[in-house]
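Geometric and topological summary
Residue-level listing of the chains:
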Amino acid sequence: MLLCLPLLAQNSGHLSVGEPQKVSAKRGAAVEAKIRLAVQPGFHVNSNTPSDEYLIPLKLTWKSTGALEAGPVAYPKPAMEKYEFSEKPLSVFTGNFELTAHFKVAANAPAGPGAAVGQLRYQACSDKACFPPKTVEVAVPYSVQ
Amino acid sequence: MSVLRLIAAISTALALGYVSVGCSPTPSVKAASVKPDKERKVAPDFALKDADGKLVHLSDYKGKVVIVDFWATWCEPCKIEIPWFMDMQRKNKDKGLEVLGVAMDDEGWEAVKPFAQSLGINYRLVMGNDQTAQMYGGVDALPTTFLIDRAGKIAAVHVGLTSKKDFEDGIEALLNNSAPGIVRDDQAGNAVVPPAAGSK
């Protein structure tokens, strides 16, 4: 399993991304990386399945994964929160939460270090205002044994 | 927002004279009521395209009270205020009120047009950009709404969801307070300036 350090590496506006821990994995092995995220108190981000078609979902996509083959990204169960500005509860993430990124190390992967690099897009609001969508880089370093 | 952009935004906003920076993570703005005339700053003019590609200048609206609403389709609080503005436009157009919605969607009209149609927005929309947002103090939080008086000066700014009554009170105050030289509105809602002395 790939685990992230509790240290928050990237603070972009209202959401911080934890710094991933470098992991070692064998060829052909299935691995997963926990990516820790923290939303600033008093704010929320839309979940990966927002309540309205116009709302921008939180989404992690991989740009390059090196010797890893990208699998699905698992998102936590969102909270349904009611805000002053919404007539119905919205599907959101607040506080600290984790994404789990699944990978498989390629059977013919060369030994040595690398990094899977992706982009996390999100859009944050308070209970009064919303802020433009942002994209932050997420890197999962690895080492193939 | 980068630190430099934030500093620039706050500096511009302070220069425009309508932002007070508090201790919260984001700049807070307190201007719920309409400012006295002598404290108002001239609203920066802009040239933005409407849905038909026609260039719209804020200065086109001089002589009118203008609500300039920075919004986006992904902004839920904006969706609360939009019907209010539609209602205000309907009730006060003949008195000289115009609402101008400045959309801040990166996807442009592709996102904004169907959204506007679904809500039946009855006022003019233009596509905003970062440059215009910077001119207005680095608009970051949406909705951000400026009330512009008939002389083209910023009379109030509301950041975030505001009460309908605050808008109504501000508009009423501005509509009832004609700019110097403006006597009344004609039937079409245009400001009528009295002819200069000696002219026919």
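Residues numbered from 1 in each chain as written. Chains lettered and ligands numbered in written order. Predicted model: local features only at pLDDT ≥ 70, side-chain atom pairs only at ≥ 80, totals over all residues.

Contact residues are listed per partner, giving 17 residues for chain B and 16 residues for chain A. With three residues, the single largest contributor to the side of chain B that touches chain A is helix α2 (residues 76–92) of chain B. For the side of chain B that touches chain A, the per-class residue count stands at 13 nonpolar, two polar and two charged. (Contact = placed C-beta atoms within 7 Å. Helix = DSSP H or I, 4+ residues; strand = E, 2+ residues; numbered from the N terminus. Nonpolar A, V, L, I, M, F, W, Y, C, P; charged D, E, K, R; others polar.)

As a further point, take the nonpolar core. L142, L147 and I148 of chain B are the most contacted members of the largest nonpolar core, which totals 78 residues. Per-element tally for this core: the top contributor is strand β4 (residues 65–71) of chain B, with six residues. (Core = buried A, V, L, I, M, F, W, Y, C linked by C-beta atoms within 7 Å. Buried ≥ 20, exposed ≤ 12 C-beta atoms within 10 Å, placed from the backbone.)

The terminal C-alpha atoms of α2 of chain B lie 25 Å apart, and with 17 residues this matches the ideal 24 Å at 1.5 Å per residue to within 8%. Three or more residues of α2 of chain B are buried, namely E76, P77, C78, K79, E81, I82, F85 and N92 of chain B. In this structure, the buried residues of α2 of chain B make contact with β12 (124–125) of chain A together with β4, β5 (97–103), α3 (109–119) and α5 (164–175) of chain B. (Expected span 1.5 Å × (residues − 1).)

Our next topic: the confidence of the model for chain A. Residues and elements named next belong to chain A. Counting all residues, the mean pLDDT for chain A is 89, and 92% of those residues have values of 70 or more. When the elements of chain A are averaged for pLDDT, strand β1 (residues 4–12) gives the smallest value, 45, and strand β5 (residues 44–46) the largest, 98. Here residues 1–9 scores under 50 on pLDDT; set against residues more than four positions off or in separate chains, the count is 31 contacts. (pLDDT = per-residue confidence, 0-100.)

All names here are of chain B. Its place among the elements puts G101 in strand β5. When the C-alpha positions of G101 and K35 are compared, they lie 22 Å apart, and in sequence the two are 66 residues distant. Residues in contact with G101, not counting those within four places in the same chain, are D69, W71, I121, Y123 and L125.

We now examine the pairing of strand β8 (residues 153–159) of chain B. Residue and element names in this part refer to chain B. Within β8, six of the seven residues are buried, leaving the element largely enclosed by the surrounding structure. Relative to β8, strand β7 (residues 144–148) runs antiparallel, the two sharing five bridges. Residue L147 lies in a different strand from β8, and its bridge partner there is A156. Here β7 folds back onto β8, and the loop between the two strands holds four residues, one of which, G152, carries a positive phi near 80 degrees. (Pairing = 2+ DSSP bridges.)

Residues and elements named next belong to chain B. Orientation of α2 relative to α5, taken along the N-to-C sense of each, is 25 degrees, at an axis distance of 11 Å. Comparing the axis directions of α2 and α5 gives the class roughly parallel. Along this stretch, α2 crosses α5, giving a crossing that reads as right-handed. Facing α2, whose interface residues are W84, M88 and N92, α5 presents K164, F167, I171 and L175. Considering only residue class, the contact of α2 with α5 consists of five nonpolar, one polar and one charged. (Axes fitted to C-alpha atoms, helices over the stretch in contact; angles between N-to-C directions. Parallel < 35°, antiparallel > 145°, perpendicular 65-115°, else oblique. Left-handed = near helix turned anticlockwise from the far one by under 90°.)

Let us look at the sheet that holds β5 of chain A. Residue and element names in this part refer to chain A. Reading across from one edge, β8-β9-β5-β12 is the order of the four strands in this open sheet, with antiparallel pairing throughout. Of all the strands in the sheet, the pair left with one neighbour each is β8 (79–81) and β12. Across three bridges, β8 lies against strand β9 (residues 90–93) in antiparallel orientation. Within the sheet, the bridge partner assigned to M80 lies in β9 and is S91.

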